[in-house]
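Residue strings, one per chain:
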Amino acid sequence: MAWEFRKLGPGENVAVEASTDPFAGPKWAPPVWHMPEGLVLLVNLVRFLVRLTVFTVRNALPLSALTGLGWLAYRYGWVLPVVLVLLAGAALAGWAAWDRPSFLHWVGYPARAKWRHFRIYRRDWQPVIVGSGLSRVHKGREYLPSIKRVQCGPSADRVLVQMLKGQAPDAWERVTANLAHGFGSSLVRVRHGGRPGRVWLEFVRKDVLATPIPALPIPAAAAVDLGGLEIGRCEDGSPWRLRVQGTHVLVAGATGSGKGSVIWSVVRALLPLMVAGLVEVWAIDPKRMELSFGRQLFERYGRYSDDPKGGMVELLEAAAEDMNARAAEFGGAVRSFTPSGRHPFRLIIVDELAFLTAYCPERELRKRAESALAILASQGRSVGYGLLGAQQDARKEVNNLRNLFPDRMALRLDESDQVDMILGDGARDRGAYADEISSVPEIGAGVGFVRLETVPDPVRVRAAYVSDDDIRAMVAYALAHDERDDFDDQDGGTFGPGAAA
């Protein structure tokens, strides 16, 4: 192809012959200005100095250590630096042996993040991003999103990415499988980056929740926080704390998904305050299997009902009536609820919630149950009432009150569409693969995704497994710490104001 260059005045155009066809029209382009070589060298020198300064600031500690060791080797010989390096290694080894969590937090994970940043993500970034369709080409120049930061944890890496102009997080959510295979991880989740134009990519390396978690120790009464009961572990290794006061919790999962683990872990965490009279648990058990094993505790420190002929509905209506009475007493006098012996926090646990809202054969009972649940869910939070409901079916026609539960948990589900039904639209695209949880109890029971009222992104968690022996130990704990002498652990009889419905 022949090019024609014309020396024209500033602001004029240059005609460029695009082909040898004499009938083809010329393509017009602005004139090309050649930068002086001295200015090019100056610009490159400034860029080099800026990058060197940034690298030095970001790696000030290791560079300072290497510089000091080099000076000592030059001044006193190589023996002294070697001895210092060995002593530092011994100190780090002792730190790791004495307090491994703090060592990993301050040394292990940052070092791993540096290594994986340069060894994996930076090296493979361009081919993976291009193969996933996240790059752009404009006027022959390729533009790539940039890595801003890499963080490592016990099971996952978090990569902060500056997206290209015009990109949105959903573009990344559509190619999570490509990113996972490209960087050799089992799963990738897309999280909000804290400000517009950025996203966090969570690359899951291994499943730390694949083994059951034994029942957690019964805490001391002073350590129980109704705003965050420790009932299991999160995927990053931190404790999973579930708020029960000031909210309502809905747990959904297929048969054998571990709903009982969540319920009994909550009861176990509340037990010290139940014994102290600051918390009551009212249990409704349509199956007569899951909660009946701890019936003695509920009848002693709350109420219990498994009567399908109306007793369960009457318990709900009694709770709604008491809640209204408490609201009338608190009106104009109390703004924030604090549990006390006179006004304990009441947690209403409903196992198989769908029985009361959809499956109960008597229509009148269904209407009464739904009305009482709606009253408790819409008005109970401010006066010390909380709902913990469990169900198998996620469909709206089974439970049309699910939007009144601010905090929700999806255990193993049968279909992918059910994830968004429970956790909200787009939850599965953000990494809540509840339909892919293993059906093997040892691997998947109690594992699920939690969507909190204040956190839009789902968090993967696992509830501790409370066995039958653990429940018996809870009864023994109540016997040992309850000063009242009318606790009958043989027949589960009726006790005063906490009688079963």
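The structure reproduced in this document is the subject of the present report. (Residues numbered from 1 in each chain as written. Predicted model: local features only at pLDDT ≥ 70, side-chain atom pairs only at ≥ 80, totals over all residues. Heavy atoms only, no water.)

**Topic: the overall build of the chain**
Step number 1: Across its full length, the chain holds 14 helices and 18 strands.
Step number 2: Buried residues in the chain amount to 44% of all 501 residues.
Step number 3: Pairs at least 24 residues apart make up 63% of the contacts formed inside the chain by residues separated by at least 6 positions.
Step number 4: Total accessible area on the chain stands at roughly 27200 Å², and carbon and sulfur atoms take up 57% of it. (Helix = DSSP H or I, 4+ residues; strand = E, 2+ residues; numbered from the N terminus. Buried < 20%, exposed > 50% of the residue type's maximum accessible area, 1.4 Å probe, protein only. Contact = heavy atoms within 4.5 Å. Areas by Shrake-Rupley, 256 points an atom, 1.4 Å probe, with all protein chains shown as cover.)

**Observations regarding a nonpolar patch on the surface**
Step number 1: Taken together, Met35, Leu39, Val40, Leu42, Val43, Leu45, Val46, Phe48, Leu49, Val50, Leu52 and Val54 make up a surface patch of nonpolar side chains, about 1000 Å² in accessible area.
Step number 2: Here Leu52 is to be found in helix α1 (residues 37-58). (Patch = residues over 30% accessible without salt bridge, like charges linked within 9 Å, V, L, I, M, F, W, Y side chains within 5 Å. Salt bridge = Lys/Arg side-chain N within 4 Å of Asp/Glu carboxyl O.)

**Here we look at the nonpolar core**
Step number 1: By size, the foremost hydrophobic cluster in this structure holds 74 residues, and its most contacted members are Trp240, Val266, Leu270 and Leu316.
Step number 2: Of the residues forming this core, the biggest block, 11 residues, is contributed by helix α7 (residues 259-276).
Step number 3: Setting aside its immediate chain neighbours within four residues, Leu270 contacts Leu226, Leu229, Val279, Val281 and Leu347.
Step number 4: Counting 24 residues, the second-largest nonpolar core is a separate cluster that includes Ile129, Ile147, Met163 and Phe203. (Core = buried A, V, L, I, M, F, W, Y, C linked by side-chain atoms within 4.5 Å.)

**Focus on a positive patch on the surface**
Step number 1: A cluster of basic residues, Arg58, Lys114, Lys148 and Arg195, forms a positive patch at the surface.
Step number 2: By secondary structure assignment, the location of Arg195 is in the loop between β7 (187-192) and β8 (198-204). (Lys, Arg positive; Asp, Glu negative; His and termini not counted. Charge placed at Lys NZ, Arg CZ, Asp CG, Glu CD.)

**Points about the packing of aromatic side chains**
Step number 1: One pass over the structure, following the stated rule, counts nine aromatic pairs.
Step number 2: Plain terms: the ring middles of Phe298 and Tyr304 are 6.4 Å apart, the flat faces sit at 5° to each other, and that makes the pair stacked. Here the two residues Phe298 and Tyr304 agree in accessibility, since each one is buried.
Step number 3: Each member of the aromatic cluster is reached from another via a ring pair, and the members are Tyr121, Trp125, Phe183 and Phe203.
Step number 4: Here the guanidinium or amino end of Arg75 rests over the ring plane of Tyr76, the centre of that ring lying 5.2 Å away.
Step number 5: Here the basic side chain of Arg303 rests over the ring of Trp282, its NZ or CZ set 5.1 Å away from the ring centre. (Phe/Tyr/Trp six-rings, centres within 6.5 Å; stacked < 30°, edge-to-face > 60°. Lys NZ or Arg CZ within 6 Å of the ring centre and 35° of its normal.)

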